[in-house]
Amino acid sequence: MSSNDSPFRAEPTARDEAPQFVLPLVVHIEKAEPPARTDALETAARAVLVMLSDERSLGDGEWAQAMADWQDARIRKVVRRARGAEWRKASALPGITVTGSAAEVRVFPPVPLDGWPKELAKLQVSGTDLDDPELLPAPDRTAPVIWLNPQLDMSAGKSMAQTGHGAQLAWWELSDAERDAWRAAGFPLSVRTAAPGHWGELTASGLPVVHDAGFTEIAPGETVAVEGGSRFCPLPRGRRP
């Protein structure tokens, strides 16, 4: 997929004429023990990859048509939050729960923009604010790093959607063998905020960059860039057309 045809760009394309679908993600947030912000962001990114690679999303799988319809249009993702009974009801719906260090994110097959299951439609989108209680270590460079634009102030929910976009762009860049190796390892990756100078280098390097359409929270523009790992998800600079 060329960068000019990216479903993450703000400019109108033929994708806008197709029926629009959304990939729902629900993050488990209990008041007493919320997950750390970066743990939630990394778990959301892995959840998108798990959904993309699941056998039910491929070939004649039960989710394959919904996945195809979703990817033919804008690649929308919406993150909602749940706790207690809300989380248990969401967990009973068809989907996949992905666990990080402490974060739990459940990803569901795509649904029409106006066709959310009632158990998910009533969940809150706003207010997904999380913090990192400890200083983050340097990212593992053997695996990809999803870099956040340092100039943006996004909620945790918005950031989770954007890291999911970045993971998906990286997935599309890989060969089948590279995808298999990354999947077999459990989709290792890191999410970090880029330093201002580094961000400029990333966006000029030919690496995958997400261009948000600006429907929520922020103006249209670049939100995340993905740098490949030395062992998993190799993304050489200048690789993309």
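The structure presented is a predicted model; accordingly, all values stated were derived computationally and were not measured.

(A) Here's a closer look at the pairing of strand 9 (residues 221–227). Within strand 9, 5 of the 7 residues are buried, which leaves the element mostly enclosed by the surrounding structure. Looking at chain direction, strand 6 (residues 145–148) and strand 9 are connected through 4 bridges and run antiparallel. Each residue of the ladder has a partner; that of L148, found in strand 9, is V224.

(B) Geometry of a negative patch on the surface. On the surface, D129, D131, D153 and E217 cluster together into a patch of negative charge. Looking at E217, the relative accessible area reads 52%, which means it is exposed.

(C) Highlighting the nonpolar core. With 55 residues, the main nonpolar core has L25, M160 and W182 as its most contacted residues. Tallying contributions element by element places helix 1 (residues 37–53) first for this core, with 9 residues. Contacts of L25, omitting those with residues within four sequence positions, involve A44, A47, V48, K77, V78, V79, R80, V105, R106 and V107. Within the second largest apolar cluster, 11 residues are counted, among which are A90, F108, V111 and L123.

(D) Main features of the side chain of D39. By secondary structure assignment, the location of D39 is in helix 1. Buried charge without a partner: D39 forms no salt bridge, and the closest opposite charge is R46, 4.8 Å away. With residues near it in sequence (within four places) discarded, D39 still touches G100, S101, A102 and A103.

(E) Spotlight on the sheet that holds strand 9. Taken in spatial order, the 4 strands line up as 7-6-9-8 in an open sheet, and their pairing is mixed. Only two strands of the sheet have a single partner each, and these edge strands are strand 7 (190–193) and strand 8 (209–212). The sheet shows a mean angle of 25° between the axes of neighbouring strands, taken without regard to direction. Docked against the sheet, helix 5 (residues 156–173) engages strand 6, strand 7, strand 8 and strand 9, running at close to 135° with respect to strand 8. Here helix 7 (residues 196–203) sits on the sheet in contact with strand 6, strand 8 and strand 9, set at roughly 85° to strand 9.

What counts, and at which threshold
- Residues numbered from 1 in each chain as written.
- Predicted model: local features only at pLDDT ≥ 70, side-chain atom pairs only at ≥ 80, totals over all residues.
- Heavy atoms only, no water.
- Buried < 20%, exposed > 50% of the residue type's maximum accessible area, 1.4 Å probe, protein only.
- Helix = DSSP H or I, 4+ residues; strand = E, 2+ residues; numbered from the N terminus.
- Pairing = 2+ DSSP bridges.
- Patch = residues over 30% accessible without salt bridge, like charges linked within 9 Å, V, L, I, M, F, W, Y side chains within 5 Å.
- Areas by Shrake-Rupley, 256 points an atom, 1.4 Å probe, with all protein chains shown as cover.
- Salt bridge = Lys/Arg side-chain N within 4 Å of Asp/Glu carboxyl O.
- Lys, Arg positive; Asp, Glu negative; His and termini not counted.
- Charge placed at Lys NZ, Arg CZ, Asp CG, Glu CD.
- Core = buried A, V, L, I, M, F, W, Y, C linked by side-chain atoms within 4.5 Å.
- Contact = heavy atoms within 4.5 Å.
- Axes fitted to C-alpha atoms, helices over the stretch in contact; angles between N-to-C directions.

Scope: geometric values only; no functional claims are made or implied.
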